[in-house]
Each structure stands twice: as structure tokens, then as C-alpha cells.
2 protein chains.
Amino acid sequence: MSEPLTPDSSGGLVRVRIDLGYDGTNFSGWALQPSHRTVQGVLEEALGVLFGATDRLATTCAGRTDAGVHARGQVVHVDIAEAPWARHELRAARRLAGLLPADVVVHDVRRAPLGFEARFSALWRRYSYTVHDGLGRWDPLLRNHVLRHRVAAGAALDVEAMNEASRQLIGEHDFTAFCRQRLGAGTIRTLLALSWVRDDDELVRADVLADAFCHSMVRSLVGALLEVGDRRQPPSWPADILGQRAGTATRAIDFRVAPAKGLVLEEVHYPHALAEQATRARRFRSL
Amino acid sequence: MSEPLTPDSSGGLVRVRIDLGYDGTNFSGWALQPSHRTVQGVLEEALGVLFGATDRLATTCAGRTDAGVHARGQVVHVDIAEAPWARHELRAARRLAGLLPADVVVHDVRRAPLGFEARFSALWRRYSYTVHDGLGRWDPLLRNHVLRHRVAAGAALDVEAMNEASRQLIGEHDFTAFCRQRLGAGTIRTLLALSWVRDDDELVRADVLADAFCHSMVRSLVGALLEVGDRRQPPSWPADILGQRAGTATRAIDFRVAPAKGLVLEEVHYPHALAEQATRARRFRSL
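Residues numbered from 1 in each chain as written. Chains lettered and ligands numbered in written order. Predicted model: local features only at pLDDT ≥ 70, side-chain atom pairs only at ≥ 80, totals over all residues.

Colleague: Could you clarify how one ought to interpret the overall build of chain A in this entry?
Modeller: A tally of helices and strands in chain A yields 8 helices and 10 strands. Counting the 287 residues in chain A, one finds 38% classified as buried. (Helix = DSSP H or I, 4+ residues; strand = E, 2+ residues; numbered from the N terminus. Buried ≥ 20, exposed ≤ 12 C-beta atoms within 10 Å, placed from the backbone.)

Shown next, in the form of C-alpha cells:
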């Protein structure tokens with residue numbers, strides 16, 4: 001992607017970090033697509049209006065979410081010409097929010113530290129996935145954000161078994177078995193944390209943290225772990241798939257990729273030096 | 001509204017109780033309106049299809065919710081001819097759900113006990129109202145169901161003061177000051193419970209229970225209590241409004257009716273004899 005900017009090579013551009021969230025229900029995912037409503041599409045349009053750009057202001061995000069996937073803590077960078085940035089810097093978040101639809105929330109817009117790159121600087125990403133496994137009434141206000149999972153034989157999900165299975169997946173592995181194939185994309189990832197908690201009587205939530213994720217990885221992991229939660233597979237089964245699959249590409253995977261709507265990009269973490277507000281750069285400018 | 005049915009006067013009709021929930025975001029409220037999407041409209045259309053009715057199947061609900069107001073526990077009755085009801089009785093909930101859009105959830109469809117009337121049999125209704133008063137990030141997944149309230153001077157809502165104010169409103173009163181005027185509609189109501197809890201760091205929820213509510217009553221009470229929570233008015237102020245207003249209709253009310261989206265009809269309660277499933281009626285039929 002784009003190279004980190006240095007003051008000398010910036011050509012009068014400011015790298016800007018945008019923190020935002022969105023309800024993914026009515027978006028065809030993050031990535032720009034002609035004649036589809038995407039988060040990147042509405043964001044770049046709003047940036048173009050705010051900063052009066054004649055060319056596309058190309059954004060790069062930390063986690064490319066699929067259609068129907070939500071974000072509470074997406075991070076984006078974009079390079080803006082010095083003069084329009086200076087005009088809007090102090091009220092950029094508010095003005096950008098005013099140009100965006102209600103299903104996108106702007107948390108913060110600020111000059112990024114030197115060397116910041118939303119995608120490649122990230123140390124880890126954290127996602128959540130929420131499942132409703134109750135027999136009680138379904139809450140219509142959850143329908144776009146929570147998977148309604150009807151458990152086998154009316155028993156609730158076995159969260160302890162799901163956690164036992166999850167622990168066996170942690171670490172650096174070839175996650176081919178849990179990735180949708182993309183030509184040229186690597187599948188070796190470090191899963192840093194994966195655990196399940198019962199949030200209330202009928203809601204079970206996964207927290208998943210990795211250096212990076214390949215395509216559909218969280219939803220595939222959740223799909224396999226629901227098989228364990230439903231007692232259709234033993235806790236060792238997801239790790240078995242992982243081991244068997246590495247190096248082979250033919251074995252049929254007999255679990256479903258969990259639906260998009262339960263998935264939320266919660267947080268992206270950067271090295272301390274890159275996460276700081278770019279106070280030094282700003283101080284330098286005002287000399 | 002409609003009279004309770006007795007076996008002799010039913011003319012071959014079965015009174016059916018429908019329990020349902022809905023996300024009110026994309027509805028112009030409960031009540032049927034020409035060329036507007038309303039909950040009653042989509043429900044009556046689905047009932048007509050399911051039961052093959054040529055005339056309108058008129059429904060009556062327990063709580064007529066305004067545009068943007070949600071329900072987790074709405075209760076409705078409708079009278080259906082014996083023959084089509086008998087064809088669908090065993091799978092009525094599932095079949096009705098299949099004919100309704102995703103923002104309406106069917107909890108239950110069953111033959112009502114003799115004398116059941118969704119609106120007039122109800123002993124009390126319970127609503128919730130949820131407010132976000134945090135300075136932290138706004139969650140895009142809450143935007144249609146929670147009021148984002150920016151508190152004065154950055155302080156959180158004073159939940160204790162709101163509870164103190166709420167306690168003074170409990171009991172039978174003329175709630176004119178908290179009702180939108182409707183010709184011919186009474187304004188004397190018994191407020192059975194009204195209390196606030198902080199659900200998590202940034203979410204505060206009211207639970208409001210009354211025998212019945214006049215138009216906009218919960219949203220008006222919430223609006224006045226937010227003035228107390230913001231320390232703009234003392235805890236005695238909402239009760240003062242109540243007292244001053246009874247009998248007069250001219251005093252300007254200096255608080256805002258809280259927006260619809262934070263409001264949810266949670267539950268409607270009926271006398272025990274009317275809440276039971278109509279097993280006796282069914283047993284009688286099968287003789």
C-alpha cells in the first residue's frame with residue numbers, strides 16, 4: 001500500500017488518522033465497489049466534499065470488513081493536502097460526521113504520527129462475535145447485530161467446551177482451514193486470544209484477537225466452535241481441522257461460516273509511538 | 001372497541017392473541033395510516049394472507065406506539081373465522097412470522113381466553129427508556145434504540161436525583177402536564193413504578209410502569225427527568241409541574257419530550273385468568 005510519509009517526501013500532504021464505527025447492516029462491506037453502498041465509498045465521498053478535493057482521496061483501513069459486518073473501532077488513514085487540512089483541522093471530526101450518514105459514527109480525526117499506516121502499522125485487531133442461544137423471546141432490536149442460534153435438542157451452548165476448543169487454537173498457525181482462499185494472500189497468522197463469555201442468560205460473546213486475520217477467519221472459527229458448543233464435535237475438533245488442513249487444500253470442511261451480522265471489529269492496536277497524537281509534528285509546524 | 005366474545009355471540013369467530021415485538025425504526029408507528037408503513041398495516045396484511053380473509057382483519061393492540069418507538073412485548077388481538085383458524089392453529093406463529101418482515105418478531109399466536117381484549121383487559125404496561133450519557137465513543141449499533149444525551153458541563157446524569165424526582169410522581173395523578181392533548185382522552189393515570197438504573201458505565205435506563213399511558217407520557221416524563229439529571233432543575237421540579245398543571249392548560253412546559261428511539265414497550269400484564277392459554281375453550285371444542 002502507500003509508503004509512510006516523511007516531511008521531505010510528503011509533497012504538501014498531511015497523513016490523517018480517522019477513527020470510526022459503523023452499523024454494517026446497510027453496507028456492502030468496507031471496500032469500494034461500483035454501484036454498491038460501501039463504507040469506504042461514503043467516507044471518501046464525504047472527505048472529498050469536506051476538503052474540496054478534485055481527485056479521489058484514497059483511504060486505507062485496518063480491517064476490511066465484509067458486507068453486514070460492523071465496526072466500533074475501525075481505523076483509517078488518508079493523505080490530505082496541507083491547506084484544506086489546516087482549514088478544517090480543529091473541527092474535522094465534527095464536520096466529517098455532519099457529511100456522513102447516520103450509520104457511520106466518527107470518533108476522531110487527527111494528524112497521524114510520522115510513519116503511521118492504518119493497515120501495516122497495526123499490532124493486533126480485536127473482533128467480537130455475539131450469539132443468542134436462548135429459547136426465550138427473540139429481541140427485535142438485536143436482529144442485525146447478533147446471530148440467533150437454535151441449539152440442538154434445546155440445550156444451551158456449552159461455553160466451557162467452546163473455551164477448551166478455543167485455547168487449542170491460540171498461537172501461530174497456518175489458518176488455511178479457516179480462511180477463504182485469496183490468491184497471493186498468506187494464511188499464517190498469530191491468534192493471540194480467543195475466548196467466550198456468557199454476557200447474560202441468552203447471549204454468548206466471543207472475543208478474538210490476532211496480529212491480523214485472513215478473509216472470513218473469525219466467522220469460520222466461530223462456525224467450527226459452534227459445532228463444539230452444540231456437542232456435535234468434541235473440543236479437540238477445531239484444532240484437528242487446523243492440523244489436518246495445513247498443506248492440503250482438498251478436505252471438505254463440515255461446518256458453516258457464521259453469518260456476518262454477529263461480527264464487530266472492536267479495536268485496532270498500534271505501537272505506542274504511532275498511537276500517540278502527532279503533537280511533535282504539529283509543534284514543529286508552528287515554529 | 002370490540003366487545004368480549006362469548007361462545008353464543010361469536011358467529012363462528014375465534015379471538016386470537018398475538019404476542020410480538022418490533023424494531024420501530026422503519027415504521028410510522030403502530031396505527032394504520034394510508035401510504036405509510038405501520039406495524040398494524042404489515043400485521044393485518046400478513047394475517048389476511050395467512051387466513052385467506054377477503055375483508056380486513058382488524059387488530060387491536062395494548063399499546064399504540066408512535067413512530068420510532070420499539071416493542072419487545074406488544075400484545076394484539078384479532079378475531080378469525082373458525083375454519084381458517086383451525087387450519088393454521090398449530091403452526092400459526094411460525095406461519096405468521098414467515099409472512100412478516102424481519103423487523104417484526106412473532107413470539108406467540110394462540111386462541112385467547114374468553115373475555116380477552118388486548119387493550120382493555122390489560123392491568124398495566126411496562127416501558128423502558130435508555131439514555132447514553134457517556135463522553136466516550138458512541139456505539140453505532142445503539143443509534144436507533146438509545147438516546148445519546150450530551151450532559152451539561154460533561155458531568156454524567158445524576159441518577160440518584162432522577163430517582164428522587166421519579167418517586168414523587170408515583171401514584172394516581174392527572175398527568176395533563178405530561179400528555180399531548182387528545183380531544184376526549186382522559187389524563188388521569190396511575191403511575192405504578194418509575195425508576196432509573198445505570199446499566200453500564202454509559203447507559204442509564206428507566207423502567208416505567210402504569211395502568212395505562214396517555215399520549216407521549218413516558219417521553220414527556222423522561223424529558224423532564226433529564227432536566228433533573230442534568231442539574232438544571234431540582235428533584236422536586238417534575239412533581240411541581242404535575243401539581244401546577246392540573247386544571248390549567250396554558251403554562252409553558254420548559255422541557256423537551258424525549259425522542260422516540262429510546263423507548264421500548266417491554267411488557268403488558270393481564271389478570272391471571274385472561275393471561276392463561278385458553279385450554280378450557282379448546283377442551284370444550286374437542287368434545
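There's more to say after this.
Colleague: I would appreciate a short explanation of helix α4 (residues 159–167) of chain B in the present structure.
Modeller: Note on helix geometry: an α-helix contains 3.6 residues per turn, so any two residues three or four positions apart are oriented the same way. Restricting attention to buried positions, one finds in α4 of chain B the residues Met162, Ala165 and Ser166 of chain B. Seen along its axis, α4 of chain B keeps its buried residues to an arc of 100°; they face one direction. (Arc of directions from axis to C-beta.)

Colleague: Can you help me understand helix α5 (residues 217–229) of chain B in this one?
Modeller: Residues and elements named next belong to chain B. Across its 13 residues, α5 extends 18 Å between first and last C-alpha, which sits within 8% of the 18 Å expected from 1.5 Å per residue. Burial runs high along α5: 12 of the 13 residues are buried. At the C-terminal side of α5, Arg231 shows a positive phi close to 65°. (Expected span 1.5 Å × (residues − 1).)

Colleague: Explain the packing of helix α4 (residues 159–167) of chain A against helix α5 (residues 217–229) of chain A here, please?
Modeller: In a pair of packed helices, the angle between the axes and the distance between the axes together describe the arrangement. Residues and elements named next belong to chain A. Two numbers describe how α4 lies on α5: the axes approach to 8 Å, and their chain directions differ by 135°. Viewed along their axes, α4 and α5 adopt a mutual orientation that is oblique. Once α4 is placed against α5, the crossing between them reads as right-handed. Across the interface between the two elements, Val159, Ala161, Met162, Ala165 and Ser166 from α4 touch Leu225, Val228 and Gly229 from α5. Split by residue class, the contact of α4 with α5 holds 6 nonpolar, 2 polar and no charged. (Axes fitted to C-alpha atoms, helices over the stretch in contact; angles between N-to-C directions. Parallel < 35°, antiparallel > 145°, perpendicular 65-115°, else oblique. Left-handed = near helix turned anticlockwise from the far one by under 90°. Contact = placed C-beta atoms within 7 Å. Nonpolar A, V, L, I, M, F, W, Y, C, P; charged D, E, K, R; others polar.)

Colleague: Teacher, can you tell me more about the interface of chain A and chain B here?
Modeller: Interfaces are often sized by the amount of accessible area the parts lose when they come together. If you look at the interface, chain A gives 17 residues, while chain B gives 17 residues. Broken down by element, the side of chain A that touches chain B gets its largest block of residues, 3 residues, from strand β4 (residues 104–111) of chain A. Of the residues that constitute the side of chain A that touches chain B, the class distribution is 7 nonpolar, 4 polar and 6 charged.

Colleague: Got a minute to help me understand the pairing of strand β9 (residues 203–210) of chain B in this structure?
Modeller: Looking down a regular strand, the side chains alternate between one sheet face and the other. Residue and element names in this part refer to chain B. Only one face of β9 is covered, namely the face carrying Val204, Ala206, Val208 and Ala210; the face carrying Leu203, Arg205, Asp207 and Leu209 is uncovered. Pairing analysis gives 8 bridges linking strand β5 (residues 124–132) to β9, with the strands arranged antiparallel. Residue pairing for β9: Val131 is matched across the bridge by Val204. With 8 bridges connecting them, strand β8 (residues 188–200) and β9 associate as antiparallel partners. Note on β9: the bridge partner recorded for Ser195 is Asp207. Counted between consecutive antiparallel strands, the loop separating β8 from β9 contains 2 residues. (Pairing = 2+ DSSP bridges.)

Colleague: Explain the confidence of the model for chain A to me, please; I cannot follow it from the model alone.
Modeller: One rule of thumb: low pLDDT means the predicted coordinates there are not for detailed reading. All names here are of chain A. When the pLDDT values of chain A are averaged, the result is 88; 87% of them are 70 or greater. Confidence drops under pLDDT 50 across residues 1–9; counting only partners more than four residues distant or on other chains, this segment forms 13 contacts. Overall, residues 278–287 carries pLDDT values under 50, and its contacts beyond four positions in sequence, including any with other chains, amount to 7 contacts. Quick note on the complex model: pTM equals 0.86, ipTM equals 0.83. (pLDDT = per-residue confidence, 0-100.)

Colleague: What is the right way to look at the relation of the copies chain A and chain B in this model?
Modeller: Mapping between the two chain copies consists of a rotation about an axis together with a translation along that axis. Structural alignment of chain A on chain B gives an RMSD of 0.0 Å, achieved by rotating through 180° and translating 0.0 Å along the axis. This pairing of chains is accounted for by a two-fold axis. Comparing contact sets, 100% of the residues at the interface of chain A also lie at the interface in chain B, consistent with an isologous, same-surface contact. (Least-squares fit on C-alpha atoms with pLDDT ≥ 70 in both.)

Colleague: I tried to follow the domain arrangement of chain A on my own but got confused; where do I start?
Modeller: For chain A, the assigned domains read domain 1 (13–120) and domain 2 (124–266). Of the residues assigned to the side of domain 1 of chain A that touches domain 2 of chain A, the class counts are 4 nonpolar, 7 polar and 2 charged. (Domains from an automatic or database assignment.)

Colleague: What exactly am I supposed to notice about the packing of helix α1 (residues 39–51) of chain A against helix α3 (residues 92–99) of chain A here?
Modeller: Residue and element names in this part refer to chain A. One way to put it is that α1 packs onto α3 with a least axis distance of 9 Å and a crossing angle of 120°. As summarised for this structure, α1 and α3 are arranged oblique, according to the angle between their axes. Where α1 crosses over α3, the handedness of that crossing is right-handed. Here Ala46, Val49 and Leu50 of α1 lie close against α3, whose contacting residues are Arg95, Leu96 and Leu99.

Colleague: Is there a simple way to explain the environment of Arg56 of chain B in this structure?
Modeller: Within the secondary structure layout, Arg56 of chain B lies in the loop between α1 (39–51) and β2 (59–61). Between the C-alpha atoms of Arg56 of chain B and Thr187 of chain B, which are 131 residues apart in sequence, the distance is 31 Å.

Colleague: Would you mind going over unusual backbone geometry with me for this structure?
Modeller: When glycine is set aside, most residues are seen to have a negative phi, and most peptide bonds are trans. Unlike most non-glycine residues, Arg231 of chain A shows phi in positive territory, near 65°. Locating Arg231 of chain A in the fold gives a position in the loop between α5 and α6 (237–245). For Ser216 of chain B, which is not glycine, the phi torsion reads 65° and is therefore positive. Tracing the backbone shows Ser216 of chain B in the loop between β9 and α5.

Colleague: How should the environment of Leu157 of chain A be read in this particular structure?
Modeller: Relative to the helices and strands, Leu157 of chain A is located in the loop between β6 (147–148) and α4. Those residues in contact with Leu157 of chain A that lie beyond four places of it in its chain are Val131, Asp133, Val151, Met162, Val204, Gly229 and Asp230 of chain A.

Colleague: For this particular structure, what's the right way to read the environment of Arg137 of chain A?
Modeller: Relative to the elements of secondary structure, Arg137 of chain A occurs in the loop between β5 (124–132) and β6. Separated by 79 residues in sequence, Arg137 of chain A and Ala58 of chain A place their C-alpha atoms 45 Å apart.

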